[in-house]
Amino acid sequence: MSIHASISDLVDDRPGDQAFHVARRAFTDPLILDLELSHIFESAWSFVGLTTQIPKPHDYITTFIGRQPILLMRDGQGHVGCFLNTCRHRATIVCPFKRGRQKFHVCRYHGWAYDSAGKNTIVTEMDDGQYPPSFKDADRNLLRVARFENYRGLLFASLSADVPPLSDYLGDAKAFIDLVADQSPVGELEFVPGEITYTFDANWKLQFENGLDYYHFNSTHASYVDILNQRAKSGTSGPLPQEAPDETEGQGSFSFDHGHAVNWSIKRQSRYGRPLVTDPAYLAELKVRVGETRIKWMLRQRNLTIFPNLQIIDISSAQLRTWRPLAVDKTEMTSHCLAPVGESAEARRVRIRNYEDFFNPSGLATSDDNVMYEFCQTGYEARAGNTFGHLRGLANGPISSSGHAQELGISPVESAFGKPAFGGETNFHPGYREWRRLLQRHVDGGADA
Amino acid sequence: MLERMSPDLAQRKQAAVTILFLEARYLDDKEWDSWAELYEPDAEYWAPSWLDEYDTADDPNTQVSFIYHDSRSQLQERISRIQSRKSITALPLPRTLHMISNITTSEEEDGLVVARSNWTTHIFDPRVQKQYLHFGTYEHVLKPSDGRLRIARKKIIIMNDRIPSILDFYSI
Ligand code: FES
Ligand SMILES: [Fe+2]
């Protein structure tokens, strides 16, 4: 069997037959992870940071795209550049710190220096180095990523030039970034200081799926649901947002090109409070600015996934999380509390408490998810038989247009909507189609070469 | 130079050390209710995040913490969650072993005793047959109440803050 055939076999996608299956091997085969790293993570747009993380000249942060070390710097003129964090002399990491402010980065190995625009300013002992003449004219600056763009202060980079413009890549998923950013009086987002890093011993796609999975909530998070009910009973929940009586309760999703999707739900009364609701005066002001419809959507829980590794969860608080695979069965998560710049001190306090309550390995919900991923990983090693994990919603759809999309002024590729307990799974499909397309594109390209 | 302590003060310092060890024992023995009883009803329980390589968060209202609670009832919420047999993180519960050392105490106003210590928790998770450990420092502020000392404030610095899957009150 050719590699090509084996990749296409991993996703059994037959809309005409209402069939969709993902092979168990997609979660367990290290060879597949290698392909994913090269041809998805290191070839697609990747979220690398917020402009507000590096507000001043010479501010920097470091991160990774797939396996590759990345350095983001704001130069003396205020321009943000995104570079591979590797010395042009002999590959050493140029900046070993997470974040800071420096005009120059000096490689500690032999002392080459780079300025905050990435320009190589010093080659130590250059004149005595007996370098060939070609070296003197060579471009020795830090290597820039192939593509680097910004949407609403979210910085994305791609190590491959073969990607659409960021705006096209994000498509109508942008509307759901706007719904978070527009909660700020100045339209900007920031991270609350304090980044949390954790790992789980399972494949990264379990996180990808879980962020789009409302079906698991009552079961996986049963202990958390009890706590929420207990808080509501004892009156310690704080104000809970409510939907207008003419809204039909339910759970829905939109899917976009390039594998992005968003889940949302309409509940008569939300289970959790919202930072926005703690500040009625600002909420009223915001309603005038953005309109009733968008306020309504801002207060609905929305779980956005930008393929392949960014999720923005706006529920009782907002979380921005990214991941990178360390092995086929080990994933490193980076989690931030995401906040509108300029919210009130009380809204910020509530946001932080709600974030800690739900998210992270220390939160009362995410910790259960992490354990579930590990149980799934062990279970995926069983090889006989399909899983039936991607079928909810296939009988009725997905539908191509909906009133919900219309009121937001977006045209998703697919929409789904059902009863509150719907827990649709068709919203995973576009991600898997993009996954298969990127892996196959490589194999096709490789075969031609 | 050795400081001369009043018998009363010496007793309070000894009581502080006893509470630290008792707390560790209750956690490892999973005697959660007794553990929570060591805390004042309005106790602050705080495990801050790290802001960078050197500094931990110093303001829970503007920075992220791993865990921040400002009442005993919030600790009891965590206890009820893992006792409910509905949280998979507790099915089964990891085995833990706390070690505390390098304790120093100082006396503050109003009879408060501040105890600083180093801690290690060895954790074995029978679910996945894996072991790991967390380590860091504690700062306990202990307050005389009903003829005994209770924990009014506990700050937990977690030095290895890249967390494998779960972090709860019993693992730090
Ligand atoms: S590797 Fe950086 S100066 Fe030699
Ligand atoms: Fe979950």
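Criteria and cut-off values
- Residues numbered from 1 in each chain as written.
- Chains lettered and ligands numbered in written order.
- Predicted model: local features only at pLDDT ≥ 70, side-chain atom pairs only at ≥ 80, totals over all residues.
- Heavy atoms only, no water.
- Helix = DSSP H or I, 4+ residues; strand = E, 2+ residues; numbered from the N terminus.
- Rg over C-alpha atoms; globule rule 2.2 N^0.38 Å.
- Buried < 20%, exposed > 50% of the residue type's maximum accessible area, 1.4 Å probe, protein only.
- Contact = heavy atoms within 4.5 Å.
- Areas by Shrake-Rupley, 256 points an atom, 1.4 Å probe, with all protein chains shown as cover.
- Lys, Arg positive; Asp, Glu negative; His and termini not counted.
- Charge placed at Lys NZ, Arg CZ, Asp CG, Glu CD.
- Pairing = 2+ DSSP bridges.
- Axes fitted to C-alpha atoms, helices over the stretch in contact; angles between N-to-C directions.
- Salt bridge = Lys/Arg side-chain N within 4 Å of Asp/Glu carboxyl O.
- Polar contact = N/O pair within 3.5 Å; in protein donor to acceptor, adjacent residues only side chain to side chain.
- Nonpolar A, V, L, I, M, F, W, Y, C, P; charged D, E, K, R; others polar.
- Core = buried A, V, L, I, M, F, W, Y, C linked by side-chain atoms within 4.5 Å.
- Disulfide = S-S within 2.5 Å.
- Parallel < 35°, antiparallel > 145°, perpendicular 65-115°, else oblique.
- Phe/Tyr/Trp six-rings, centres within 6.5 Å; stacked < 30°, edge-to-face > 60°.
- Lys NZ or Arg CZ within 6 Å of the ring centre and 35° of its normal.

Draft legend 1. Quick peek at the overall build of chain A. Along its length, chain A carries 14 helices and 21 strands. Over its C-alpha trace chain A gives a radius of gyration of 23 Å, about what one expects of a compact globule, namely 22 Å for 449 residues. Dimensions of chain A along its principal axes, counting C-alpha atoms only, are 80 × 60 × 35 Å. The buried share of chain A, reckoned over its 449 residues, is 59%. Of all intrachain contacts in chain A linking residues separated by at least 6 positions in sequence, the fraction that spans at least 24 positions is 67%. Looking at chain A as shown, the accessible area adds up to about 17,900 Å², and 52% of this sits on carbon and sulfur atoms. When the 47 basic and 54 acidic side-chain charges of chain A are each reduced to a single mean position, those positions are 3 Å apart.

Draft legend 2. Inspection of the sheet that holds strand β7 (residues 99-101) of chain A at higher detail. Residues and elements named next belong to chain A. The strand order across the open sheet formed by four strands is β6-β5-β4-β7, and the pairing between neighbours is antiparallel. Edge positions in the sheet fall to β6 (80-84) and β7, since each has one partner strand and no second. The mean angle between the axes of side-by-side strands here comes to 25°, regardless of whether they run parallel or antiparallel. Note: strand β5 (residues 68-74) against β6, five bridges, orientation antiparallel. For Leu 71, the partnering residue across the bridge sits in β6 and is Phe 83.

Draft legend 3. View of the interface of chain B and chain A. Each partner contributes residues to the interface: chain B has 33 residues there, and chain A has 41 residues. One can count six salt bridges joining chain B with chain A. Where A:Glu332 meets B:Arg162, a salt bridge forms, and the shortest distance between an N and an O atom there is 2.7 Å. Where chain B touches chain A, the interface holds 26 residue pairs in polar contact (both at pLDDT 80 or more). Mapped by element, the contributors of at least two residues to the side of chain B that touches chain A are β2 (65-69), α3 (72-83) and β7 (162-164) of chain B. Of all the elements, β2(B) adds the most residues to the side of chain B that touches chain A, at four residues. Taken together, the residues of the side of chain B that touches chain A break down into 14 nonpolar, nine polar and 10 charged. Direction of pairing for strand β14 (residues 196-200) of chain A relative to β7(B): parallel, over a ladder of three bridges. Bridging from a neighbouring strand, A:Tyr198 pairs with B:Ile163 of β7(B).

Draft legend 4. Spotlight on the nonpolar core. Grouped together as the largest cluster of nonpolar side chains are 136 residues, with contacts concentrated most on A:Phe176, A:Phe254, A:Trp435 and B:Trp35. Not counting residues up to four positions away in its chain, the partners in contact with B:Trp35 are B:Glu23, B:Tyr26, B:Leu27, B:Tyr45, B:Leu75, B:Ile79 and B:Phe169. The next biggest cluster of nonpolar side chains, apart from the first, holds 13 residues, and it includes A:Met73, A:Phe83, A:Cys87 and A:Phe135.

Draft legend 5. Layout of the side chain of A:Asn360. If you trace the backbone, A:Asn360 turns up in the loop between α11 (345-358) and α12 (366-380). When neighbours within four sequence positions are excluded, A:Asn360 is seen to be in contact with A:Ile196, A:Tyr198, A:Gln319, A:Ser335, A:Tyr355, A:Thr366 and A:Ser367.

Draft legend 6. Examining the state of the cysteines more closely. Residues and elements named next belong to chain A. Using the criterion set out here, one finds zero disulfides over all chains in the structure. Cysteine Cys 95 remains unbridged, with the sulfur of Cys 107 as its closest cysteine sulfur at 11 Å. For Cys 95, a relative accessible area of 2% gives the class buried.

Draft legend 7. Representation of unusual backbone geometry. Here the amide bond leading from A:Phe307 into A:Pro308 is cis, since omega sits at 0°, within 30 degrees of zero. Of note, A:Pro308 is situated in the loop between β17 (301-306) and β18 (310-314). Cis geometry marks the peptide bond from B:Leu91 to B:Pro92; its omega dihedral reads 0°. Following the sequence through the fold, B:Pro92 ends up in the loop between α3 and β3 (95-107). Residue A:Gln130 is not a glycine yet carries a positive backbone phi of 50°. We note that A:Asn360 has phi near 75°; this positive angle belongs to a residue other than glycine.

Draft legend 8. Summary view of the sheet that holds strand β8 (residues 104-106) of chain A. All names here are of chain A. Read from one edge of the open sheet, three strands run β8-β9-β10, paired in antiparallel fashion. Strands with a single pairing partner mark the edges of an open sheet, and in this sheet they are β8 and β10 (120-122). Across the sheet, the axes of successive neighbouring strands diverge by a mean angle of 35°, strand direction being ignored. Sheet topology note: the β8/strand β9 (residues 113-115) ladder contains three bridges and is antiparallel. Opposite His 105, over in β9, you have Tyr 114 as the bridge partner.

Draft legend 9. Spotlight on the packing of helix α9 (residues 280-290) of chain A against helix α10 (residues 292-299) of chain A. All names here are of chain A. Contact geometry of α9 with α10 gives a least axis separation of 7 Å together with a crossing angle of 125°. By the angle class used here, α9 and α10 are oblique. Counted together, Leu 283, Leu 286, Lys 287 and Val 290 of α9 and Glu 292, Arg 294, Ile 295 and Met 298 of α10 form the full contact between these two elements. For the contact of α9 with α10, the class distribution of residues is five nonpolar, no polar and three charged.

Draft legend 10. Fine view of the packing of aromatic side chains. In the structure shown here, the tally under the stated rule is 31 aromatic pairs over all chains. Between the aromatic rings of A:Tyr131 and A:Phe135, the centroid separation amounts to 3.8 Å while the plane-to-plane angle is 10°, which identifies the pairing as stacked. Look at A:Tyr131 and you get partly exposed, because its relative accessible area is 26%. Its guanidinium or amino end placed over the ring of B:Tyr138, B:Lys154 lies 4.1 Å from that ring's centre, counting from NZ or CZ.

Draft legend 11. Up close: the packing of helix α5 (residues 174-181) of chain A against α10(A). Residues and elements named next belong to chain A. Where α5 contacts α10, the two axes come as close as 10 Å, and the packing angle between them is 85°. When the axes of α5 and α10 are compared, the pair comes out roughly perpendicular. Facing Phe 176, Asp 178 and Leu 179 of α5, the residues of α10 in contact are Arg 294, Trp 297 and Met 298. Here the contact of α5 with α10 is composed, by residue class, of four nonpolar, no polar and two charged.

Draft legend 12. Spatial organisation of the environment of B:Glu37. All names here are of chain B. Along the chain, Glu 37 turns up in helix α2 (residues 32-37). Spatially, the C-alpha atom of Glu 37 lies 25 Å from that of Asn 102, the residues being 65 residues apart in sequence. Residue contacts for Glu 37: discarding those within four places in its chain leaves Arg 72, Arg 148 and Arg 150.

Everything listed here is a matter of coordinates, which is why it stays silent on function.
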